[in-house]
Amino acid sequence: MKIQLDPEKDLSFKDFKEQILEDYRIAVTSRECSLLGRREVLTGKAKFGIFGDGKELPQLAMARAFKNGDFRSGYYRDQTFMMALDLLTPKAFFHGLYATTDLDKEPMSAGRQMGGHFGTHSLNEDGSWKDLTAQPNSSPDISPTAGQMPRLLGLAQASKMYRELKDIPSGLFSKNGNEVAWGTIGNASTSEGHFFETVNAAGVMQVPMVLSVWDDEYGISVPAKYQTTKENISEILKGFQRTDGDPGFEMFRVRGWDYTSLIHTYENAADIARESHIPVLIHVMELTQPQGHSTSGSHERYKSEERLEWEREFDCNLKFRQWILDNNIAAEEELQGLEKQIRKEVRTAKREAWAEFLQPHRTQKQVLLGLLKSLAESSPNKTFINKLINDLIAVEEPLKRHLLITARKALRYVLGEEHPSRITLQKWVQKYMEETQPLYSSHLYSELPGNATRIEEVAPVYGPEPRKVDGRIILRDNFDLLFSRYPQVLIFGEDSGAIGDVNQGLEGMQKKYGPLRVADTGIREATIIGQGIGMALRGLRPIAEIQYLDYILYGLQTLSDDLATLLYRTVGKQKAPLIVRTRGHRLEGIWHSGSQMGGIIHLLRGMYILVPRNMTKAAGFYNTLLKSDEPALIIESLNGYRLKEPVPENLSEICTPIGKVEVVKAGQDLTIVSYGSTFRIVQQVARELEQVGIDAEIIDAQSLLPFDLDHQVSDSLKKTNRLLIVDEDMPGGCSAYLLQKILEEQNGYQYLDSPPRTLTAKAHRPAYASDGDYFSKPNAEDIFEAAYGIMHEVRPADFPPLL
Ligand SMILES: Cc1ncc(C[n+]2csc(CCOP(=O)(O)OP(=O)(O)O)c2C)c(N)n1
Ligand SMILES: [Mg+2]
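First things first, this report covers the structure right here in the doc. No experiment lies behind these values; they were computed from the predicted model shown.

1. Focus: the site of ligand 1
Right, on to step 1. Near ligand 1 lie 18 residues; those nearest to it are Tyr-75, Tyr-76, Arg-77, Ser-189 and Tyr-218.
Right, on to step 2. Residue Ser-189 places a side-chain N or O atom 2.5 Å away from an oxygen atom belonging to ligand 1.
Right, on to step 3. Of the residues assigned to the shell around ligand 1, the class counts are 6 nonpolar, 8 polar and 4 charged.

Structure below.
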């Protein structure tokens, strides 16, 4: 249990001593875990280790200032902090190292992430939120250094929203916005753009963030000289310091081995951030790495003897120990006794964790050996099977893979043999794989009933003579309804606020809902996404707007590594139902009409990728997503905002289904699949094809991730037997993905009488202006000729050559 150290209060010496020794106990426990952890890797029990040794003391101070409801967004050095808040036991630490797949034993990620990636559970078993105000919270770490920064901004911003927007239901998430978001980052990682972008945005937005830099003067082998101007991050950030008139950051510098200064600095920082919503930067200097960077190498290779000597002397745990002795808080024997006891506890934890990690494998090994023995008895290949048996017996510490390798190989020796033991082994393999695979593959998307693909379609209903308006009006009116229906919905992006987005889809919304809910941001895509992730982690429903699809690349690292993996890497224990709104495709110019869909659909598995062909469809997607709780990217058609669309009578109700295609025109001769702006060209071409006697069935993919869960395209192929995919992405990009789904997953190849074709953009980026578009992307003539060409091949007499 953590004991609160309150320097304001007059503590009795006994309490004071107890608190200090509790901190010392945690520091030594954490260090012992690091030392033993390294050995576990070097002896081959664990794959890789990166530990918190040398950074224990500031984390104890941070833990003391951290309150329930607060959030951490940090990196792999923070095991001591987690231990101080009872969020990580030594045993769980070792389970993380071994990759135990049981979430009760390895609560960070059930072995999906290597040790040193920390997180807490925000969700109950049924997917409902826990009371986040009643627990300390840690958003789950990712490995790309500084990748934790963008979400830190959103975690801090959520407090601001909860404090200033009184209509938002805040019960489980906030108490008047009093929560601080605590960031940690290594000194070298402050070189990343994400760090500077986050610091600037936090200064602009004035959010309650305390950002600590753990400075050990190295980034693996590369010293500060090559990392940071003036070799000092707080020195060069001085311009961010707030002054009387100008808001900015409060900044502190503190030495990482100085316990009392650390405690006071952290208490002070917490008060400033918590009470006044002012961001704070704490530069924690003079930290060390007693065992070097990670288990992958040794720091003796790149640190001088003087540096190593200094690190030995200034080891924060050693300094803390000395301080305890110098101040007569405890005597040498008492500390020695404590250290001895801790060493024993950690060794026991390690031993127990290893035994627990192995136990299910060992149990199954015995079951499998039994099956293999009876298999050997029944088979003419007994000698070979016995060899497998003996090899397996020799594996004293079996992994799951050892069992499967043996069993699957054994099945090869009994091919074609008819005896019950073969069937039993087959069944064992199938069952073991069925039970084991989800341990590694579940929770890419929600596995709960609220999964977005289960939200029922509500089609638009039109009156006899519907009003026709610009597409952007449909979107705007739908956003208006959403803002009034869901107080947690917020939208923000470049030009999204005062002018109501560059295409006026949010016209007048800021005036109506205020500058916090409909907000302008700086030009900084990564942290726009980070705002969304952080706020979504804390119960809000953000819509992050990326002005144009082409610029999403700036935010793609955060989307891919952080958002898209979040549910997966926490095994469903945290969620961030962020909607990313962007617009793109088929304008004219390299950076305004890109279609990086091949990249996007592969990098963002774990999100929904939706490509509505018009604004009514887009509005329906927003409505569907807000009924569920999963992250998605909606790409609106950039050239569709001014196209007229009929206004549905049930605008507020419409829901575009996710994972379903739409057969927009039935036909007999061939199936054309496309999406987005290009689909509208396909619609026009379908009419032109009719004029020459070709009856095309045209299908709007509309949802790329996931695509056509009901296999409607292969149903269409049963009728037409011919397939053309039209896509404005590169050759082999999104069209190849669609083809793989149709041919392989849907078994569409069975129904084809002609080779399937993809018609794509040219391999270069789209050139500027109308002719640039015509010669870069599939145009109406290209589509017509591709479809015609397929029909010419089948019925040359009816369709003589065109070109
Ligand atoms: C984006 C990215 N680039 C490179 C790496 C490989 N890497 C892992 S840790 C590290 C050094 C980080 O140093 P620092 O930020 O000072 O943290 P420290 O380990 O010293 O605490 C590097 C280069 C990474 N994980 N992510
Ligand atoms: Mg460093």
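Having seen the structure, we can now continue with the description.
2. Observations concerning helix H4 (residues 90-98)
Right, on to step 1. In terms of residue burial, H4 counts as a mostly covered element, since 7 of its 9 residues are buried.
Right, on to step 2. All of the buried residues in H4 are Ala-92, Phe-93, Phe-94, His-95, Gly-96, Leu-97 and Tyr-98.
Right, on to step 3. On its buried face, H4 is in contact with helix H1 (13-42), helix H3 (79-84) and helix H12 (332-378).
Right, on to step 4. Looking at the residues trailing H4, positive phi occurs at Ala-99, about 70 degrees.

3. Describing unusual backbone geometry
Right, on to step 1. A cis amide bond links Leu-705 with the next residue in sequence, Pro-706, at an omega value of -5 degrees.
Right, on to step 2. Take Pro-706: it is sitting in the loop between strand S20 (703-705) and helix H24 (712-720).
Right, on to step 3. We note that His-277 has phi near 55 degrees; this positive angle belongs to a residue other than glycine.
Right, on to step 4. Among the secondary structure elements, His-277 is positioned in the loop between helix H9 (259-276) and strand S8 (280-285).
Right, on to step 5. Its identity is not glycine, yet Asn-721 carries a phi of approximately 60 degrees, on the positive side.
Right, on to step 6. Position of Asn-721 relative to the elements: it lies in the loop between H24 and strand S21 (723-726).
Right, on to step 7. Take Asn-721: its relative accessible area is 18%, and that puts it in the buried class.

4. Structural notes on the sheet that holds strand S14 (residues 608-610)
Pairing between sheet strands relies on hydrogen bonds along the backbone, with the strands arranged either parallel or antiparallel.
Right, on to step 1. Strand order in this open sheet of 7 strands is S11-S10-S12-S13-S15-S14-S20, and the pairing throughout is mixed. Of all the strands in the sheet, the pair left with one neighbour each is strand S11 (518-520) and S20. Across this sheet, the average inter-strand angle for adjacent strands is 20 degrees, counted without regard to direction.
Right, on to step 2. Pairing geometry for strand S10 (residues 489-493) and strand S12 (residues 541-546), over 5 bridges, is parallel. Across the sheet, the residue bridging to Leu-490 is Pro-542, located in S12.
Right, on to step 3. Its contacts with the sheet place helix H18 (residues 525-537) against S10, S12 and strand S13 (579-584), and it is angled at close to 170 degrees to S12.

5. As for the sheet that holds strand S18 (residues 670-674)
Right, on to step 1. The 5 strands lie next to each other as S17-S19-S18-S21-S22, forming an open sheet whose pairing is mixed. Either end of the sheet is taken by a strand with one partner, and the two such strands are strand S17 (662-665) and strand S22 (757-759). Within the sheet, the average angular offset between the axes of one strand and its neighbour, ignoring direction, is 25 degrees.
Right, on to step 2. Looking at chain direction, S17 and strand S19 (residues 696-700) are connected through 3 bridges and run antiparallel. Counted as the bridge partner of Lys-665 is Ile-698 from S19.
Right, on to step 3. Running over the sheet, helix H27 (residues 780-794) touches S18, S21 and S22 and is turned about 165 degrees from S21.

6. Here's the deal with H24
Right, on to step 1. Among all positions of H24, only Val-713, Ser-714, Ser-716, Leu-717 and Thr-720 are buried. Down the axis of H24, the sector holding all buried residues measures 150 degrees, keeping them to one side.
Right, on to step 2. Asn-721, located one to two residues past H24, shows a positive phi value of around 60 degrees.

7. A look at the packing of H1 against H4
The relative placement of two packed helices comes down to the angle between their axes together with the axis-to-axis distance.
Right, on to step 1. Their axes nearest at 11 Å, the elements H1 and H4 cross at an angle of 25 degrees. As judged from the angle between their axes, H1 and H4 are roughly parallel. The crossing of H1 and H4 is right-handed. When H1 is examined against H4, the residues Thr-29, Cys-33, Ser-34, Leu-36, Gly-37 and Glu-40 are found in contact with a partner set consisting of Pro-90, Phe-93, Phe-94, Leu-97 and Tyr-98.
Right, on to step 2. Tallied by class, residues from the contact of H1 with H4 come to 7 nonpolar, 3 polar and 1 charged.

8. A short note on the coordination of the magnesium ion (ligand 2)
Right, on to step 1. Bound to the magnesium ion (ligand 2) on the protein side are Asn-187 (OD1), Asp-216 (OD) and Tyr-218 (O), at distances that span 2.0 to 2.1 Å.
Right, on to step 2. Ordering the donors of the magnesium ion (ligand 2) by residue number gives the pattern N-x28-D-x1-Y. Of this pair, Asn-187 sits in the loop between strand S3 (181-186) and helix H6 (193-205) while Tyr-218 sits in strand S5 (residues 218-219), and the two are 31 residues apart along the sequence.

9. Things to note about the environment of Gln-557
Right, on to step 1. With respect to the helices, strands and loops of the structure, Gln-557 is situated in helix H19 (residues 553-563).
Right, on to step 2. Gln-557 sits in the partly exposed class, given a relative accessible area of 24%.
Right, on to step 3. Distance in space between the C-alpha atoms of Gln-557 and Ile-142 is 11 Å, their sequence separation being 415 residues.
Right, on to step 4. Each residue touching Gln-557, except ones within four places of it in the same chain, is listed here: Ile-142, Pro-144, Gly-147, His-194 and Asp-562.

10. Some thoughts on a positive patch on the surface
Right, on to step 1. Among the surface-exposed residues, Arg-39, Lys-340, Arg-343, Lys-344, Arg-347 and Arg-351 lie close enough to one another that they form a single positively charged patch.
Right, on to step 2. Broken down by element, the residue count for the positive patch peaks at 5 residues, all from H12.

11. Some points on the side chain of Ser-674
Right, on to step 1. Inspection of the secondary structure assignment puts Ser-674 in strand S18.
Right, on to step 2. Judged by relative accessible area, which is 0%, Ser-674 ranks as buried.
Right, on to step 3. Setting aside chain neighbours within four positions, we find Ser-674 in contact with Phe-679, Val-682, Ile-699, Asp-700, Ala-701 and Val-726.

12. Section: the nonpolar core
Right, on to step 1. Phe-195, Met-597, Ile-609 and Leu-704 are the most contacted members of the largest nonpolar core, which totals 110 residues.
Right, on to step 2. A total of 8 residues in this core trace back to one element, the largest contributor, which is helix H5 (residues 149-164).
Right, on to step 3. Leave out the neighbours within four places in its chain, and Leu-704 touches Met-597, Ile-601, Ile-609, Val-611, Tyr-675, Cys-734, Tyr-737 and Leu-738.
Right, on to step 4. Core analysis: the next-biggest nonpolar cluster, separate from the first, contains 69 residues, Tyr-75, Phe-94, Ile-282 and Ile-342 among them.

13. Points about the packing of aromatic side chains
Right, on to step 1. Applying the stated rule across the entire model yields 32 aromatic pairs.
Right, on to step 2. Taken together through their ring pairs, the aromatic side chains of Phe-51, Phe-93, Phe-94, Tyr-98, Trp-354 and Phe-357 make up a single cluster.

14. Points about the environment of Lys-665
Right, on to step 1. Within the element layout of this structure, Lys-665 appears in strand S17.
Right, on to step 2. Looking at Lys-665, the relative accessible area reads 17%, which means it is buried.
Right, on to step 3. As for Lys-665 and His-711, which are separated by 46 residues in sequence, their C-alpha atoms are 17 Å apart.
Right, on to step 4. Within the local environment of Lys-665, its side chain forms a polar contact with the side chain of Asp-695, the two groups lying 2.8 Å apart.

15. Observations regarding the pattern of salt bridges
Right, on to step 1. Evaluation of the coordinates by the stated rule reveals 58 salt bridges.
Right, on to step 2. Ionic pairing is found between Asp-562 and Arg-151, a salt bridge with its closest N-O pair at 2.8 Å. Placement of the pair is Asp-562 in helix H19 and Arg-151 in helix H5, with a sequence separation of 411 residues. One exposure class covers both Asp-562 and Arg-151, and it is buried.
Right, on to step 3. Counted as one network, the salt bridges with shared partners bring together Asp-501, Glu-545, Arg-581, Arg-583 and Glu-636.

16. Regarding the side chain of Thr-720
Right, on to step 1. Examined against the element boundaries, Thr-720 turns out to sit in helix H24.
Right, on to step 2. Residues in contact with Thr-720, not counting those within four places in the same chain, are Gly-667, Gln-668, Asp-669, Leu-670, Thr-671 and Glu-697.

17. Remarks on the pairing of S21
Right, on to step 1. Judged by which residues are buried, S21 turns out to be covered on both faces: Leu-723 and Ile-725 on one side and Leu-724 and Val-726 on the other are all buried.
Right, on to step 2. Relative to S21, S18 runs parallel, the two sharing 3 bridges. Of the residues in S21, the one forming a bridge with Val-673 is Ile-725.
Right, on to step 3. Bridging between S21 and S22 involves 3 bridges; their strand directions are parallel. Each bridged residue has a counterpart across the sheet, and for Val-726 the counterpart in S22 is Leu-759.
Right, on to step 4. Handedness of the crossover joining S21 and S22 through helix H25 (residues 734-745): right-handed.

Cut-off values and rules
- Residues numbered from 1 in each chain as written.
- Chains lettered and ligands numbered in written order.
- Predicted model: local features only at pLDDT ≥ 70, side-chain atom pairs only at ≥ 80, totals over all residues.
- Heavy atoms only, no water.
- Near = heavy atom within 4 Å.
- Polar contact = N/O pair within 3.5 Å; in protein donor to acceptor, adjacent residues only side chain to side chain.
- Nonpolar A, V, L, I, M, F, W, Y, C, P; charged D, E, K, R; others polar.
- Buried < 20%, exposed > 50% of the residue type's maximum accessible area, 1.4 Å probe, protein only.
- Helix = DSSP H or I, 4+ residues; strand = E, 2+ residues; numbered from the N terminus.
- Contact = heavy atoms within 4.5 Å.
- Pairing = 2+ DSSP bridges.
- Axes fitted to C-alpha atoms, helices over the stretch in contact; angles between N-to-C directions.
- Arc of directions from axis to C-beta.
- Parallel < 35°, antiparallel > 145°, perpendicular 65-115°, else oblique.
- Left-handed = near helix turned anticlockwise from the far one by under 90°.
- Donors = N, O, S within 2.8 Å, 3.2 Å for Na, K, Ca; no water.
- Patch = residues over 30% accessible without salt bridge, like charges linked within 9 Å, V, L, I, M, F, W, Y side chains within 5 Å.
- Areas by Shrake-Rupley, 256 points an atom, 1.4 Å probe, with all protein chains shown as cover.
- Salt bridge = Lys/Arg side-chain N within 4 Å of Asp/Glu carboxyl O.
- Lys, Arg positive; Asp, Glu negative; His and termini not counted.
- Charge placed at Lys NZ, Arg CZ, Asp CG, Glu CD.
- Core = buried A, V, L, I, M, F, W, Y, C linked by side-chain atoms within 4.5 Å.
- Phe/Tyr/Trp six-rings, centres within 6.5 Å; stacked < 30°, edge-to-face > 60°.
- Right-handed = clockwise from strand over helix to strand, strands pointing away.

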